[in-house]
Amino acid sequence: MSEPIKTSQRVSRSCIECGRRKIRCDKKSPCQPCIRRNAAHECKRPIARVRGQLTVYTAEGEDSSNVKLDDLLRERGALRAQIAELETALALSKPCAHSRTSESTDYSQPAASLEDLVPAFEQFDIGIKTSTAARDGAEKEIADRLYGPAADPLFLLLPSKTCSLQLVNYSLQTLGWLHCAVNADVFLEEHEDFWQSTQLGTGIPRERRPWLIVYFAVLAVGILYLEPERIPGGAHLPQLGLPVVDPVAMAVHTSRIWYEAALKELERYGFAGAPSLPVVQALSVLTLCHSNFGEHQREWLITGFATNMARCLDMHKLGTETNCSKDLCRRPEWSSPSQRELGRRLWWSCVIRDWQTHIRHT
């Protein structure tokens, strides 16, 4: 059991064991009394709060690397900085342009605590009003027909390359939430590779399908939150026989189709059965859509599923670079510092969203 931190005018020079046994300590580390008891590993100095600062005595000539206090304090500071960065990114995320209310809310200030993140998340739940076709599940029926047995509707679901690049750039540059889920530079490179193979007509191999789930999720979020005046024309969007209505309604319909397509890809190729980083990324991005489409039960289930899959990938063990285990760093998902940083952001995104969803449904 750890010793309580006491407030004192000076730092105790005796080790904890000698102080507890009330015997003389020679102030070395380890001290002779502990060595004689074959308990050199238990020879530790107490931490005291002196003038408001946590302090521990270091004997003369002692290697300061044996004292872990500075490392712990630095680690605590790094964790606080990471949490503050995540809270700021979430609080600065841009609200949807298709909101049914004209009231503006200032989200420019970073959230100070976990509870303060609730308003920042609730800005995404804008309760979009769509046409009767959307309420009747027209988009889901279209997705069901497209993903019939032995059918691959990928090319029917794609926008033009210009439109795709516009939506991807908008999402990555404007929506802070996506920075917690994807690496922007890597995703743009993968996007270019995808379109090159698509234009060559080579098709998409099965191993690239997980990325396709993330891609559809990013498209769905991008067009859903895009300003009305920037919505692409119908010629740049999938030609799926949707009713020709105003641009905002068309954007919502198209977003819902890409949303359903991402979930269909997840279901068809069995990615829900094996932990996968792209699947967690896609499910994290899709959390910006669930409640807007009235899918509250699906939101609860999928958000919890994403958090549990993230745990299967050991995201909760990533910690900081200084305490990340070598075994964890050998995993393909976490083999580089940038991948591990993405994993940390993604883990806390899942946890906070799961927590916020739980509050909403209880």
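Per-chain numbering applies: the sequence of each chain, read as written, is numbered from 1 onward. Two thresholds apply to this predicted model, a pLDDT of at least 70 for residue-level local features and 80 or more for giving and counting side-chain atom pairs, whereas whole-chain, interface and lining totals are computed over all residues. Hydrogens and waters are ignored; side-chain quantities use all the structure's heavy atoms.

Engineer: Looking at this structure, I do not really get the packing of helix α10 (residues 184–199) against helix α11 (residues 209–225). What am I missing?
Structural biologist: Axes here refer to lines fitted to C-alpha atoms; in helices the fit is confined to the stretch in contact. Angles between the N-to-C directions go from 0 to 180 degrees. Helical segments are the DSSP runs of H or I of at least four residues, strand segments are the runs of E of at least two, and each set is numbered from the N terminus. Between α10 and α11, whose axes approach to 12 Å, the crossing angle comes to 105°. Here α11 runs roughly perpendicular to α10, going by the angle between their axes. Here Phe-187, Glu-190, His-191, Phe-194 and Trp-195 of α10 come into contact with α11, specifically with Trp-211, Leu-212, Val-214, Tyr-215 and Val-218. Counted by class, the contact of α10 with α11 contains eight nonpolar, one polar and one charged residues. Note on terminology: angles under 35 degrees are roughly parallel, angles over 145 are roughly antiparallel, angles of 65 to 115 are roughly perpendicular, and the others are oblique. In this description, contact between two residues means that some pair of their heavy atoms is separated by no more than 4.5 Å. All amino acids are sorted into three groups, where Ala, Val, Leu, Ile, Met, Phe, Trp, Tyr, Cys and Pro are nonpolar, Asp, Glu, Lys and Arg are charged, and the leftover types, Gly among them, are polar.

Engineer: Looking at this model, I keep getting lost on the environment of Glu-17. Mind explaining?
Structural biologist: On the secondary structure map, Glu-17 appears in helix α1 (residues 16–21). Between buried and exposed lies partly exposed: a residue is buried under 20% and exposed over 50% of the maximum accessible area for its type, with that area taken using a 1.4 Å probe on protein chains only. Among the residues examined, Glu-17 registers a relative accessible area of 13% and is labelled buried. If we ignore the near neighbours within four places in the chain, the residues touching Glu-17 are Cys-34, Arg-37 and Glu-42.

Engineer: Explain the pattern of salt bridges to me, please; I cannot follow it from the model alone.
Structural biologist: Pairing of side chains with opposite charge becomes possible as their charged atoms draw close. Criterion for a salt bridge: a side-chain nitrogen of Lys or Arg within 4 Å of a carboxyl oxygen of Asp or Glu. Tallied over the entire structure, the rule returns 16 salt bridges. Its salt-bridge partner being Arg-21, residue Glu-17 comes within 3.3 Å of it at the nearest N-O pair. Separated by four residues within a single helix, Glu-17 and Arg-21 lie in helix α1, roughly one turn from each other. Using a relative accessible area of 42% as the deciding quantity, one classes Arg-21 as partly exposed. Ionic pairing is found between Glu-299 and Arg-353, a salt bridge with its closest N-O pair at 3.4 Å. Of the two residues, Glu-299 sits in helix α14 (residues 296–312) while Arg-353 sits in helix α16 (residues 337–360), which places them 54 residues apart along the sequence. The pair formed by Glu-299 and Arg-353 is uniform in burial state, with each residue classed as buried. What you see here is one network of salt bridges that share partners, running through Arg-256, Glu-260, Glu-295 and Arg-298.

Engineer: Is there a simple way to think about the packing of aromatic side chains in this case?
Structural biologist: Within a pair of aromatic rings, the relevant descriptors are the distance that separates the centres and the angle that separates the planes. Aromatic rings from Phe, Tyr and Trp, with only the six-membered ring used for Trp, were paired whenever their centres fell within 6.5 Å, and each pair was classed as stacked if the ring planes differed by under 30 degrees, edge-to-face if by over 60, and tilted otherwise. In total, this model carries seven aromatic pairs according to the counting rule given. Between Tyr-215 and Phe-216, the aromatic rings sit 6.0 Å apart at their centres with planes inclined by 35°, giving tilted as the arrangement. Like Tyr-215, the residue Phe-216 is buried in the burial classification. Their ring planes at 65° and their centres at 5.1 Å tell us that Tyr-259 and Phe-293 sit as a pair that is edge-to-face. Remark: Phe-293 occurs in the loop between α13 (277–286) and α14 and Tyr-259 occurs in helix α12 (residues 247–268); sequence separation between them is 34 residues. With respect to burial, Tyr-259 and Phe-293 carry one shared label: buried. A connected cluster of aromatic rings, assembled from ring pairs, spans Phe-187, Phe-194, Trp-195, Trp-211, Tyr-215 and Phe-216. For the cation-ring pair, Arg-208 lies above Trp-211, with the distance from its terminal atom to the ring centre recorded as 5.4 Å. In this scheme, Lys NZ or Arg CZ marks a charge over a ring once it lies within 6 Å of the ring centre and within 35 degrees of the ring normal.

Engineer: In this structure, what is going on with the side chain of Glu-295? I would like to understand it.
Structural biologist: Within the secondary structure, Glu-295 sits in the loop between α13 and α14. In this structure, Glu-295 is in contact with Arg-256, Tyr-259, Glu-260 and His-290, ignoring residues within four places of it in sequence.

Engineer: Before we go on, may I ask you to explain the UniProt feature "domain: Zn(2)-C6 fungal-type" (unreviewed entry) in the protein in this structure?
Structural biologist: UniProt positions are given in the numbering used here, feature names are shortened, and annotations may be inferred rather than shown by experiment. With numbering aligned to this structure, UniProt lists the feature "domain: Zn(2)-C6 fungal-type" (unreviewed entry) at residues 14–45. Taken end to end, residues 14–45 has its terminal C-alpha atoms 7 Å apart, with 34% of it in helix and 0% in strand.

Engineer: So what exactly am I meant to see when it comes to the environment of Glu-42 here?
Structural biologist: Examined against the element boundaries, Glu-42 turns out to sit in the loop between α2 (32–36) and β2 (47–50). Of the residues examined, Glu-42 reaches a relative accessible area of 39% and is grouped as partly exposed. Through-space distance from the C-alpha of Glu-42 to that of Glu-17 is 7.4 Å; in sequence the pair is 25 residues apart.

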